[in-house]
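# Reading the structure
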Amino acid sequence: MIRLKDLPPLFLGHRLTEITYFVTSRCNLKCQHCFIIKRLNTESDELSAEEIARIGEYIGPLQRVFIGGGEPFMRKDIAEVLCAISEKWDPGVMCIPTNGTLPDKVIGALNTIGGRHGRRYRLHLSMNTYGQEYADFVGENHDYSAWLSNAKRISNAAHGYDNVTLVALLTVGSCENQDAEGLLRVAAEELRVDDISLGLVREHDDYRPVPDVVEFRRLVKQHMRGKRGEHALLEVYRNLIRDYQADYYDAPHYQVPCQAEKLRVVIAPEGSVYPCEKLGYPEAEGLDRWSLGNVRDYDYNLPAILMSERAKEIQLAIRNSRCHCQQCIDLGLNLMASHRFKARLLAKWISRSARNILDSVQSGCDDI
């Protein structure tokens, strides 16, 4: 749940509250739906753990930090990187994805961060297909049974720490004939995940998937309810955001002002800062057009970059163009900065709470 100190930016819009940091572009797979595929395994002078810690001298607290890749656990120093962010950036929660093929690296990092720093970590285990189709989907000579064995090892390690939530990350529409129900059964019964995160596949470059939005809505309604230890308000938020995302797929349109570069930025592996993933790293063509600057050139002072004249010009261009996209992370933060959305969220939460109370009263009366 959001900490009290994370609330002011959502009302005042005066500082960063979320960062997506792509720690590496390296990956050992080539999944069909990967939106960073053009930049995979490109050479970059990645920020060191010490440099990452220095960024924390100028920012925080942050509501969330999203770690991106590539495969983050391809970095030899990933445990040190995660510790630097946890200790210096003051994130309420860190979301860390993995393709599950490097169990020793994942378990080693969990043993370092688990139970420490007073942070919450969400380890997102990517699950999009299984069985015979797995090797074709990831684009490499990988065996599904070996992946499942590795994923079980990761699951066992994650469940050893109360501050680590194991999440099955399913991108609906990422491959043809996707058996979402089968994947979710594997996630629940064999991997014992704590939570499920459902997203709609996103288009990029020449990749133009046509996901089944009706099926996505059904999966959200059926599977994203009543997660372990989840506050009712957070559950309502998660489902409402996915309603908006599905609505956008059905009819793309401008909904609320974009908060890119105001409440959230993206940092590339070598330290370049961009407004978002669509206007910058990793998707944009001609990255120089959208680059706000590199933290190394500003002595790691990220707020100084955002106060530069170049950043102000790009921010104004984003607002004036009424820019909008399907990126769920951006959409969620943009909506949370909207007072109208917050009012709708509270109304839905109150309505749901009232229904639950009435159901409990009715159940008690039936037992009399």
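Presented here is a report on the structure given in the accompanying data block.

Conventions adopted
- Residues numbered from 1 in each chain as written.
- Predicted model: local features only at pLDDT ≥ 70, side-chain atom pairs only at ≥ 80, totals over all residues.
- Heavy atoms only, no water.
- 1 Å grid on protein atoms, 1.4 Å probe; cavity = no way out; pocket = protein on both sides within 12 Å on 5 of 7 lines; lining within 4 Å.
- Points joined across faces, edges and corners; volume = space filled by probe spheres on them.
- Helix = DSSP H or I, 4+ residues; strand = E, 2+ residues; numbered from the N terminus.
- Phe/Tyr/Trp six-rings, centres within 6.5 Å; stacked < 30°, edge-to-face > 60°.
- Buried < 20%, exposed > 50% of the residue type's maximum accessible area, 1.4 Å probe, protein only.
- Lys NZ or Arg CZ within 6 Å of the ring centre and 35° of its normal.
- Contact = heavy atoms within 4.5 Å.

Under the defined criterion, the tally for this structure stands at two cavities of 30 Å³ or more. By volume, the largest cavity is sized at about 110 Å³. What lines the largest cavity is simply Leu29, Cys31, Asn99, Ser126, Met127, Asn128, Thr129, Tyr134, Phe137, Val138, Tyr144 and Trp147. Looking at the lining of the largest cavity, the elements with two or more residues in it are helix 5 (133-138) and helix 6 (144-158). The leading source of residues in the lining of the largest cavity is helix 5, at three residues.

This brings us to the packing of aromatic side chains. What the rule picks out here adds up to eight aromatic pairs. Ring centres 6.2 Å apart and planes at 40° place the aromatic pair Tyr21 and Trp89 in the tilted group. Here Trp89 lies in the loop between helix 3 (78-88) and strand 3 (91-98) and Tyr21 lies in strand 1 (residues 18-22), a separation of 68 residues in the sequence. Judged on exposure class, the residue Tyr21 and its partner Trp89 are both buried. Residues Tyr237 and Phe341 carry aromatic rings whose centres are separated by 6.4 Å and whose planes lie at 80° to one another, so their mutual orientation is edge-to-face. Separated by 104 residues along the polypeptide, Tyr237 in helix 9 (residues 232-250) and Phe341 in helix 13 (residues 339-367) bring together distant segments of the chain. The class of Phe341 is buried, set by a relative accessible area of 2%. One aromatic cluster is present, built from ring pairs that chain together Tyr130, Tyr134, Tyr144 and Trp147. The ring centre of Phe35 lies 3.7 Å from the NZ or CZ of Arg202, which sits over that ring. Directly above the aromatic system of Phe11 lies the positively charged group of Lys342, at a separation of 4.6 Å from the ring centroid.

Every buried residue of helix 7 (residues 180-190) is accounted for by Ala180, Gly182, Leu183, Leu184, Val186 and Ala187. Turning to helix 7, the residues buried within the fold contact helix 6, strand 5 (164-172), strand 6 (195-200) and helix 8 (213-223). Of the residues trailing helix 7, Arg192 is marked for its positive phi of about 55°.

Treat this as a map of the structure, not an account of what it does.
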